[in-house]
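Examination of the molecular architecture
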Amino acid sequence: MEKSIFTKIMDKEIPARFEYEDEHVIVIHDIAPKAPIHLLIIPRKPIPTLMDVQEEDLPLIGHIHRVAQKLAEKLNVKGFRLINNCGKEGGQEVFHIHYHFLAGFQE
Ligand code: 5GP
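So, here's what we can say about the structure. (Residues numbered from 1 in each chain as written. Predicted model: local features only at pLDDT ≥ 70, side-chain atom pairs only at ≥ 80, totals over all residues. Heavy atoms only, no water.)

Time to look at the pattern of salt bridges. Opposite charge on two side chains makes pairing possible when the charged atoms of those side chains draw close. Throughout the structure, instances matching the rule amount to seven salt bridges. Salt-bridge contacts for Lys12 lead to Glu21; the nearest nitrogen and oxygen are separated by 3.7 Å. By relative accessible area, which is 40% here, Glu21 ends up partly exposed. Linking Lys45 and Asp57 is a salt bridge whose minimum nitrogen-to-oxygen distance equals 2.5 Å. A residue pair is termed long-range when its members are at least 10 positions apart, and Lys45 in the loop between β3 (37-43) and α2 (58-75) and Asp57 in the loop between β3 and α2 qualify at twelve residues. (Salt bridge = Lys/Arg side-chain N within 4 Å of Asp/Glu carboxyl O. Buried < 20%, exposed > 50% of the residue type's maximum accessible area, 1.4 Å probe, protein only. Helix = DSSP H or I, 4+ residues; strand = E, 2+ residues; numbered from the N terminus.)

Given below as structure tokens:
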């Protein structure tokens, strides 16, 4: 399977601005931000879409939500949107599952 752009970023073959990383996920700044804070939470496991998530992946999906909490605390934001685009018809462009963390909207 060809490496996704996000795997290439994890492998440091392509540069990106990292906000956080651990053994399960990386968090980078989106190259084309749609909000004052626009991060991508990306599992190291290259699951193509949310429809490919298996029972065994559920702890990883839970972990992504914990990472979103940590980001909110670290960046001191009171609210955020956590978005997954699933499939071409859902607007997904990169077929390596990821969650958009959007914050910094005006109150
Ligand atoms: P999707 O439409 O698949 O949910 O979102 C893919 C996101 O990845 C888009 O918001 C796009 O701007 C971002 N993106 C695509 N290529 C790169 C890249 O090389 N670096 C970074 N940091 N973001 C990227």
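Our focus in this paragraph is the environment of Val27. Tracing the sequence through the fold places Val27 in strand β2 (residues 25-29). With 41 residues separating them along the chain, Val27 and Ala68 place their C-alpha atoms 9.6 Å apart. For Val27, the contacting residues outside a window of four places in its chain are Arg17, Phe18, Glu19, Tyr20, Leu39, Leu40, Ile41, Val67 and Leu71. (Contact = heavy atoms within 4.5 Å.)

This part covers the environment of Val94. By secondary structure assignment, the location of Val94 is in the loop between β4 (81-83) and β5 (99-103). By relative accessible area, which is 21% here, Val94 ends up partly exposed. Each C-alpha atom, one on Val94 and one on Pro48, is 8.2 Å from the other, the two residues being 46 residues apart in sequence. Filtering out sequence-adjacent residues up to four positions away, Val94 remains in contact with Ile5 and Phe6.

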